[in-house]
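Structural characterization, general
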Amino acid sequence: MADISIKGLHKTYPGSTELATNNVSLEVAEGEFMVLLGPSGCGKTTLLRMVAGLDFPDEGSISIGGRDVTYLPPQDRNLSMVFQSYAVFPHRKVRTNIGFGLVMKKVPRDEIERKVAWAADLLQLTPYLDRYPAQLSGGQRQRVAVARAIVMDADVLLMDEPLSNLDALLRLDFRAELKKIVQQLGSTTLYVTHDQVEAMSLSDRVAVMKKGQIAQLGHPITVYEEPADRFVGGFIGSPPMNFLEGRVTQQGALEVAGQSTDAPEFLAHTARTGGLPVMVGIRAENIYLEQRGIPGTLDATVEVVEPLGHATLLTVDLGGQTIKVQVASTVRVSSGERVGLRFDQSAIRFFDTETQLGLTA
Amino acid sequence: MAAPDAPAAARPQPRPAGPRGRPPRKKGTSAAMLLIAPSIVFMTLLFGWPMVSGILQAFGGPEGLTTANFTRMTQDPYFWSSVGNTLLLIVVMIPIQFVLALAMALLIRAKPKGSSAYFYIWAIPLAVSDLAAGLVWLTVFTDRGYLNSLLASFGLEPVSWLAYDNYASMFMAVLIAEVWRATSLVFVIVVAGLQSIPKDYEEAAGVFGAGFWDRLWHVTLPLLRPSLQTALILRTILAFQTFAVALALTGQNFPLVVGETYRWYTGLQDANVASALALVVMTVSMITAIGYLKLLKDQSEAPR
Ligand SMILES: Nc1ncnc2c1ncn2[C@@H]1O[C@H](COP(=O)(O)OP(=O)(O)O)[C@@H](O)[C@H]1O
Ligand SMILES: [Mg+2]
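Residues numbered from 1 in each chain as written. Chains lettered and ligands numbered in written order. Predicted model: local features only at pLDDT ≥ 70, side-chain atom pairs only at ≥ 80, totals over all residues. Heavy atoms only, no water.

Description of helix 6 (residues 168-185) of chain A
Residue and element names in this part refer to chain A. In a regular helix each residue adds 1.5 Å, so 18 residues correspond to 26 Å; helix 6 covers 25 Å between its end C-alpha atoms and thus fits that length. Within helix 6, the full set of buried residues consists of Leu170, Phe174, Arg175, Leu178, Ile181, Val182 and Leu185. On the buried face of helix 6, the contacting elements are strand 3 (33-37), helix 4 (109-122), helix 5 (138-150), strand 7 (156-160), strand 8 (188-193) and helix 7 (196-202). Count one or two residues on from helix 6 and you reach glycine 186, which has phi positive near 75°. (Helix = DSSP H or I, 4+ residues; strand = E, 2+ residues; numbered from the N terminus. Expected span 1.5 Å × (residues − 1). Buried < 20%, exposed > 50% of the residue type's maximum accessible area, 1.4 Å probe, protein only. Contact = heavy atoms within 4.5 Å.)

And the structure:
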């Protein structure tokens, strides 16, 4: 087992002017499950490929277990990987695909057989062991790719969207299964996904990436509750965080949509000398529906009502700005209804209108 | 099928498989027949007919069908040496060509600087006719050729590379010329084949601990199998037909089977024995092709 230490990675693909990764530094502790989360094209795969040794950085260094591996070829790094494209060998049966890495490591044959059977059982591939990949569905192929990676007992396990092609139900199952497997293996794991639910549910820590940079690194709940900037708040969560233009007045009140509530102390201080424009961020589930006119609430009008089963999602017009509000499914409202909104004060986040960065005490 | 009007349901022959169940299929086969008809006609005219007449000629004699042509063929002093030379050339040349072509193709795949230039340079011999190639190499190997001038410039004695009594050097000259001329065919096929293999497979193999040779043996070559098969069949069949290079370089000193066909036809003016020889070449080529197909059968395709 080994920790991964990534320092100042810069990478530009030939023929491109944009940095695919821009000064990325990341420490993954031994046995930690780190998720790289970000929208498509933000450089997650690029970062993973450099850790794997499939691409080399222009600048920066990577070490695994204290050993500098920046320019070592992949076969010398003792890692295993699930490829985004699966890369399951088409000319080999599922059985020999799963055992490939073990054969390369010259593991005794009976141990290979045992491990392949174990992994196939775990990933429900046992009936397909003697098939060729062409005879499998996309989801099954992806499971073969996962099986091939987990039999390796490698120091470092790299996974590039390993659940992307499973159908919703299977994905839910495997997410939990995968978490269990990885905990058992104890491998240091770097896991790439663009699915924030996956990131939240699997990770010990999550690194949210944006345009080749890490926008925020932290425990999933922290990242969810205290996004470091507007991008993170807008990317994580379903629905994403609401953003409202607001202002902190000289009197220390928070003005949103022409109505005012109390502003938190730390903002009120800084605004003493004059009005301070801020971006107010609040999640849909932290807004409560009240009777109109109760002090401390904001007047709003319900535009759309979407029952989701476990909750009801409202699209609400708040003085010209549209926000999402999530209420219990027992709440009865109809579109066009005029309501009062109360924000959970402890859940409100503030962002600088210029830099988009979060403002904290 | 809900029939809104009674007459439709009352018809003696309803169409149970939907309104357009059967007719299109019939139409399809006749359309297919129409489409392949021209090629059948051309194949018959340009391929079938000459082959039949060639076979008839091979067995033809003054008193009807005979095997006398084959006897004459085998009794010719050049025949067995031409067979031996041809086989030796094939056995030595084809592995060399495949190793070279594969090495060059892998080099290009690694994308060094100017790799596309290499591709075009290595593909050039493809455009050179075999006789021209033979003549080019003749200027190298002939008694007063470049090679001997080079030797002379080092103060060494000239060698008669292509002399009758210098079999080894004669063979080497033909081999080198043929390797130079015909490796590009294998190369081009292998490059095309490699291009259709995503890099992921080799990358995955690397991640799972395979070094260069393991990757080549366990991943690249198996995935390249269809291309290698094509190249092998083409190259072997063409190698059976090698002749102009040897003719240009050595005249009659290094006889090859197809060269013998040519000699029987033009020199000895015996079309029957020439046909017999051609028939032998064709049969051997076909057997080889079938052998390769069986030998290199792609297992991952088989059970589908
Ligand atoms: N082989 C490549 N050549 C050139 N540009 C690439 C290559 N691979 C990825 N890129 C570019 O690098 C950026 C990051 O890509 P990638 O790491 O694959 O993103 P992600 O995995 O987060 O979706 C993208 O803008 C993409 O277009
Ligand atoms: Mg990706």
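Topic: the packing of aromatic side chains
Residue and element names in this part refer to chain A. By the definition in use, this model includes 18 aromatic pairs over all chains. Considering the side-chain rings of phenylalanine 56 and tyrosine 71, the 5.8 Å spacing of their centres and the 55° angle between planes classify their relative orientation as tilted. Linking phenylalanine 56 in the loop between helix 1 (44-52) and strand 4 (59-64) with tyrosine 71 in the loop between strand 5 (67-68) and strand 6 (79-82), this pair joins segments that are 15 residues apart in sequence. Given the relative accessible area of 35%, phenylalanine 56 is considered partly exposed. Exposure remark for tyrosine 71: the relative accessible area of 51% places this residue in the exposed category. (Phe/Tyr/Trp six-rings, centres within 6.5 Å; stacked < 30°, edge-to-face > 60°.)

Structural notes on the site of ligand 1
Residue and element names in this part refer to chain A. Near ligand 1, the surroundings consist of Tyr13, Ala20, Pro39, Ser40, Gly41, Cys42, Gly43, Lys44, Thr45 and Thr46. Within the backbone of glycine 41, one N or O atom sits 2.6 Å away from an oxygen atom of ligand 1. Here threonine 46 contributes a side-chain N or O atom positioned 2.5 Å from an oxygen atom of ligand 1. Notes on ligand 1: free accessible area 560 Å², of which the protein chains cover 58%. For the shell around ligand 1, the element with the most residues is helix 1, which contributes three residues. Here the shell around ligand 1 is composed, by residue class, of four nonpolar, five polar and one charged. (Near = heavy atom within 4 Å. Polar contact = N/O pair within 3.5 Å; in protein donor to acceptor, adjacent residues only side chain to side chain. Areas by Shrake-Rupley, 256 points an atom, 1.4 Å probe, with all protein chains shown as cover. Nonpolar A, V, L, I, M, F, W, Y, C, P; charged D, E, K, R; others polar.)

Re the coordination of the magnesium ion (ligand 2)
Residues and elements named next belong to chain A. The protein atoms that coordinate the magnesium ion (ligand 2) are Thr45 (OG1) and Gln84 (OE1), at distances spanning 2.0 to 2.5 Å. In this pair, threonine 45 sits in helix 1 while glutamine 84 sits in the loop between strand 6 and helix 2 (94-98), placing the two residues 39 residues apart along the sequence. According to the relative accessible area criterion, glutamine 84 is partly exposed, its value standing at 39%. (Donors = N, O, S within 2.8 Å, 3.2 Å for Na, K, Ca; no water.)

Considering the pairing of strand 7 of chain A
Residues and elements named next belong to chain A. Taking burial as the measure, the five residues of strand 7 include five buried ones, the bulk of the element. Burial along strand 7 is two-sided: Val156, Leu158 and Asp160 facing one way and Leu157 and Met159 facing the other are all buried. Where strand 6 and strand 7 come together, four bridges link them in parallel fashion. If you follow leucine 79 over to strand 7, its bridge partner there is valine 156. Judged from the five bridges that link them, strand 7 and strand 8 form a sheet pairing that is parallel. In the sheet register, leucine 158 faces strand 8, and the bridge partner there is leucine 190. Handedness of the strand 7-helix 6-strand 8 crossover: right-handed. (Pairing = 2+ DSSP bridges. Right-handed = clockwise from strand over helix to strand, strands pointing away.)

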